[in-house]
Amino acid sequence: MLKILGLIFLFIYVIRPLFKLLFKSYVITQVHRQQSEQAYRQKEAKREGSIDVDFVPPQTKSKPRSTKADDGDYVPFEEIKE
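Residues numbered from 1 in each chain as written. Predicted model: local features only at pLDDT ≥ 70, side-chain atom pairs only at ≥ 80, totals over all residues. Heavy atoms only, no water.

*Asks:* Explain the pattern of salt bridges to me, please; I cannot follow it from the model alone.
*Replies:* Per the stated rule, a full pass over the model turns up one salt bridge. Two residues, glutamate 37 and arginine 41, come together in a salt bridge whose shortest N-O distance is 3.7 Å. You can see glutamate 37 and its partner arginine 41 sitting in helix H1 (residues 2-44), four residues apart, about one turn around the helix. Residue glutamate 37 is classed as partly exposed on the basis of its relative accessible area of 32%. (Salt bridge = Lys/Arg side-chain N within 4 Å of Asp/Glu carboxyl O. Helix = DSSP H or I, 4+ residues; strand = E, 2+ residues; numbered from the N terminus. Buried < 20%, exposed > 50% of the residue type's maximum accessible area, 1.4 Å probe, protein only.)

*Asks:* For this particular structure, what's the right way to read the packing of aromatic side chains?
*Replies:* How two aromatic rings sit relative to each other is given by the distance of their centres and the angle of their planes. Considering all chains together, one arrives at two aromatic pairs under this definition. On the numbers, 4.9 Å between centres and 45° between planes, the contact of phenylalanine 9 with tyrosine 13 is tilted. Here tyrosine 13 and phenylalanine 9 lie together in helix H1, a separation of four residues that amounts to about one turn. Residue phenylalanine 9 shares its accessibility class with tyrosine 13, and that shared class is exposed. Seen in terms of ring centroids, phenylalanine 19 and phenylalanine 23 are 6.2 Å apart; in terms of plane orientation they differ by 15°. Their pairing is stacked. A residue pair is termed a helical-turn pair when its members lie 3 or 4 positions apart in one helix, as phenylalanine 19 and phenylalanine 23 do in helix H1 at four residues. You can call phenylalanine 23 partly exposed: its relative accessible area is 49%. (Phe/Tyr/Trp six-rings, centres within 6.5 Å; stacked < 30°, edge-to-face > 60°.)

*Asks:* Would you mind going over H1 with me for this structure?
*Replies:* In an α-helix, one turn spans 3.6 residues; hence positions three or four apart end up facing the same way. Under the 1.5 Å per step criterion, the end-to-end length of H1 is 61 Å for 43 residues, consistent within 8% with the ideal 63 Å. Of all the bends in H1, the greatest, near 40°, is centred on phenylalanine 11. (Expected span 1.5 Å × (residues − 1). Bend = angle between axes of the 7 residues up to and from the residue.)

In short, geometric facts, not functional conclusions.
Set out below in structure tokens:
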């Protein structure tokens, strides 16, 4: 009889809380794993028509381009009034 009471006491106060703690940590680990996998899938899945820009080159300050008559396709013309 004393052994049975000792086993019940052991189960109620030691094994059961230990099992709850281990089960809770296992569930939390699985939830975090699923969330990270879902975030990875969402990042990889591209929606139709969306544009993702991973790298934007830095803007360099360049000299303003001068417009000369010798630039190429410039054609001088005169307006003729009729």
